[in-house]
Amino acid sequence: MKINENYKNLNESYLFSTISSKVMEFLANNPDRELIRLGIGDVTRPLTKSTVEALASASCAMGTQEDFHGYGPEQGYSFLREKIKEYYLKNGANLRIDEIFVSDGAKSDLGNILDIFSTDNLVLIPNPVYPVYVDTNIMAGRRIMFLDANQQNNFLPLPDENLKADIVYLCSPNNPTGAAYSRDDLEKWVNWAIKNEAVILFDAAYECFISDKNLPKSIFEIEGAKKCAIEFCSLSKMAGFTGTRLGYTVVPTALSFDNMSLNKMWLRRQTTKFNGVPYIIQKGAEAVFTPQGQREILENINYYKINAKVIADTMADNNIWHTGGIHSPYIWFKCPNGMQSWEFFDYMLNSIAVVGTPGIGFGSNGEGFFRLTAFGTYEKTVEAMKRFNGMLRNM
Ligand code: PLP
C-alpha cells in the first residue's frame, strides 16, 4: 500500500491555530479586557424568515407519503436550477439549465473540479489567495506558478502576453483582499485564456456584495467566457448558508477541449461520486431566490456592508493604504508604521484587544498586510474602530 506522497508537500496550516492560541494566552493574562473579533470569515446573521419557513415546511413534507423525497437528481432539482438561471439572467448572463450544478458548497466543488483535469497542467494561482486552491493542487501533485498580487496592481493582477498557464484561479470580489475586478479586467483574462487555450476557475463566492452595476458579478457577463471559464458560487455568504451548505457550479456546454465536453465530464463526475444536496436544503435555497427572499438577504448583506464601510472609512481617514470594504466584507490594509503582519497582530491585540487576520497567512505577498472582516456586529465594529483610532494616535 502506497499513500499519496503529495500530501507530504502540504504546508501545515498554522494560521488559525496560532491566532487562537495567541488569543487564549491574551485572555488568560487579561481576564478583564473585552475582546473584539474582526477576523471572522463566517457569517453571523441568522437565516432569513423565508428560508426558515421553507426549510420547516420541506422537513414536514418529508414525513408525508405524498411529498417524501429520496435520492434527487445529482445536479440539483430543476425548481432550484430554474431560479439560479433567472438570477443570472438579471445580470445579463444567459445560462442553460444543464450548465448549472447544485452542490454542498463552493469549497467542495473547487476541490472536486480538479478530477476532470490532467495532473499534467501548469496551474496559475494569485498570491495572496484563499488557501484551498493551493492545497487541492498540491494534493493532486500539479505544478503551481504564483501570480503576484500586490499594492502596485491593487491586488488585481492581470495577464501579459508572456504569461503561460493551463488553469488559472480568479476570485472576485477577492478573499482575502476584498478587491473586485472591473469588466475590462475580466475581458483581458477571458481573451488571454481563449488565446492560450487555458481554463479560468472563477470563484464568485462574494458576488452578492457587488452593488455597482458596472462591476461584473459573474464571469459569464463577459463575452467569450463560456468558451474558457467555470464559475463557482455559493449561498454561504449570500444567504447565511455556511452551516446549511449549498453552492452551485456553472460549467458551460460550450467548454470543450480535446473533443471532450467539460460539462459532460463534470456531469459524469458528479453522477458517479455525488448523490445530491438534501431536498430540504434545496427548498430553503429556492426561497432565497424569491423576491421576498432576495429582499430579506439584502438586509443582512447591507448590515455587513455598513460594517465594512465603518472599517474602510477608518482606514481612509487615517491615510492607511487599503482595498476592499465596498464590494466585499473584507478590508485589506497595509500595517501601520511598516510593521510585519504578525507583529501588527500582536500589537493590535495587546494594545486594543482587537483580533484580525495577518496577511502573511494567505501567501508571501500578504506580508506587511492585514485583513479585517465585516461579519461582526455593528456595535462591536464601531467600538473596534474607535479603539483603532486611539491606538494610531498613540503609535
Ligand atoms: N471561496 C472563497 C473565496 C471563500 O472565501 C469561501 C469561504 O470562506 C468559499 C469559497 C467556500 O464557500 P462554501 O461555504 O460555499 O464552501
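Scroll up for the structure.
Starting afresh in each chain, residues are numbered from 1 along the sequence in its written order. With the structure being a predicted model, the display of local features is reserved for residues of pLDDT at least 70 and the display and counting of side-chain atom pairs for 80 or more, all residues being used for whole-chain, interface and lining totals. Side-chain numbers come from the whole structure's heavy atoms, not from hydrogens or water.

Student: Even after reading the chapter, I still don't get the packing of helix α11 (residues 341-352) against helix α12 (residues 378-393), so can you show me in this structure?
Tutor: Between two packed helices, the angle of one axis relative to the other and the distance separating the axes together describe the packing. Across the interface, α11 lies against α12 with an axial gap of 10 Å and an inter-helix angle of 105 degrees. In terms of orientation, α11 and α12 fall into the roughly perpendicular class. Taking contact as the criterion, the partners of F344, Y347, M348, S351 and I352 in α11 are, on α12, A384, R387, F388 and M391. Taken together, the residues of the contact of α11 with α12 break down into seven nonpolar, one polar and one charged. Every axis corresponds to a line fitted to the C-alpha atoms, with the helix fit spanning only the stretch in contact, and the corresponding angles, defined between N-to-C directions, vary from 0 to 180 degrees. Strands are runs of DSSP state E lasting at least two residues, helices are runs of H or I lasting at least four, and both sets are numbered from the N terminus onward. Note that the term roughly parallel is reserved for angles under 35 degrees, roughly antiparallel for angles over 145, roughly perpendicular for angles of 65 to 115, and oblique for everything else. Residues count as neighbours in contact if any of their non-hydrogen atoms are within 4.5 Å of one another. Asp, Glu, Lys and Arg are counted as charged, while Ala, Val, Leu, Ile, Met, Phe, Trp, Tyr, Cys and Pro are counted as nonpolar; the rest, among them Gly, fall into the polar class.

Student: Just to check I follow, could you spell out the nonpolar core for this structure?
Tutor: In a soluble, globular protein the nonpolar side chains are often hidden away together inside. Take the buried Ala, Val, Leu, Ile, Met, Phe, Trp, Tyr and Cys residues and link them wherever side-chain atoms come within 4.5 Å; each set so joined is a nonpolar core. In this scheme, a residue with accessible area under 20% of its type's maximum is buried, one over 50% is exposed, and one in between is partly exposed, where area comes from a 1.4 Å probe on protein chains only. In terms of nonpolar packing, the biggest core is built from 96 residues, with W189, I200, L235 and F388 touching the most fellow members. When residues in this core are grouped by element, the largest group, nine residues, is from helix α10 (residues 291-317). Counting contributing residues per domain, this core is built from domain 1 (5-45 + 293-394) and domain 2 (49-290), each supplying no fewer than three. Discounting residues that sit within four places of it in the chain, W189 has contacts with L124, L147, P157, L158, P159, L163, V168, L170, Y181 and I200. Core analysis: the next-biggest nonpolar cluster, separate from the first, contains 24 residues, C171, I230, L255 and W266 among them. Domain limits in this description derive from either an automatic procedure or a database domain assignment.

Student: Got a minute to help me understand empty space enclosed by the protein in this structure?
Tutor: In this approach, a probe sized like a water molecule rolls over the atoms, and the result shows the empty space that is left. A pocket, in this scheme, is an open set of points on a 1 Å grid over the protein atoms alone with protein on both sides within 12 Å along at least 5 of 7 lines, while a cavity is a set where a 1.4 Å probe fits but cannot get out; residues line either one if an atom lies within 4 Å of a point. Grid points are joined across faces, edges and corners, and a volume is the space filled by probe spheres set on the points. This model, assessed by the stated rule, comprises three cavities of 30 Å³ or more. As a volume, the largest cavity reaches approximately 70 Å³. Looking at the lining of the largest cavity, its residues break down into nine nonpolar, two polar and no charged.

Student: Can you help me understand the environment of M385 in this one?
Tutor: Turning to its location among the elements, M385 is positioned in helix α12. Taking relative accessible area as the criterion, M385 reaches 3% and is therefore assigned buried. When neighbours within four sequence positions are excluded, M385 is seen to be in contact with L38, V310, I311, T314 and L372.

Student: What is the right way to look at a nonpolar patch on the surface in this model?
Tutor: Residues qualify for a patch when their relative accessible area is over 30% and they have no salt bridge, like charges being joined within 9 Å and the nonpolar side chains of Val, Leu, Ile, Met, Phe, Trp and Tyr within 5 Å. Per-residue accessibility takes into account occlusion by the displayed protein chains alone, with areas from the Shrake-Rupley method and a 1.4 Å probe. Take a side-chain nitrogen of Lys or Arg and a carboxyl oxygen of Asp or Glu: if they are within 4 Å of each other, that pair is a salt bridge. On the surface, I306, Y378 and V382 cluster together to form a nonpolar patch covering roughly 240 Å² of accessible area. Within the secondary structure, V382 is located in helix α12.

Student: What's the story with the packing of helix α3 (residues 78-90) against helix α9 (residues 279-288) in this structure? I'm lost.
Tutor: Two elements in contact, α3 and α9, have axes whose closest approach is 9 Å; the angle formed by their N-to-C orientations is 30 degrees. If you check the angle between α3 and α9, you find them roughly parallel. Where α3 crosses over α9, the handedness of that crossing is left-handed. Contact residues: α3 offers F79, L80 and K83, while α9 offers Y279, Q282, K283, A285 and E286. A class-by-class count of the residues in the contact of α3 with α9 yields four nonpolar, one polar and three charged. Take the far helix as the reference: if the near one is turned anticlockwise from it by less than a right angle, the crossing is left-handed, and if turned clockwise, right-handed.

Student: Can you help me understand unusual backbone geometry in this one?
Tutor: Peptide bonds are mostly trans, and most non-glycine residues show a negative phi. Residues N127 and P128 are joined by a peptide bond in cis, for which omega reads 10 degrees. Mapped onto the fold, P128 is located in the loop between β3 (122-127) and α5 (132-140). Cis geometry is found at the peptide bond from N175 to P176, where omega equals 20 degrees. The backbone of R245 sits at a positive phi, close to 70 degrees, despite the residue not being glycine. Mapped onto the secondary structure, R245 falls in the loop between α7 (236-239) and β8 (247-250). Here D258, not a glycine, exhibits a phi torsion of approximately 55 degrees, which is positive. Topologically, D258 is positioned in the loop between β9 (256-257) and β10 (260-261).

Student: Would you take a moment to explain the sheet that holds strand β11 (residues 322-324) for this structure?
Tutor: Paired strands are those between which DSSP finds at least two bridges. Here four strands make up an open sheet; going across it, the order is β11-β12-β15-β14 and the pairing antiparallel. Each edge of the sheet is formed by a strand with only one pairing partner; in this case those strands are β11 and β14 (357-358). For β11 and strand β12 (residues 330-334), the ladder comprises three bridges, and the chain directions are antiparallel. Counterpart to H322 in the pairing with β12 is F333.

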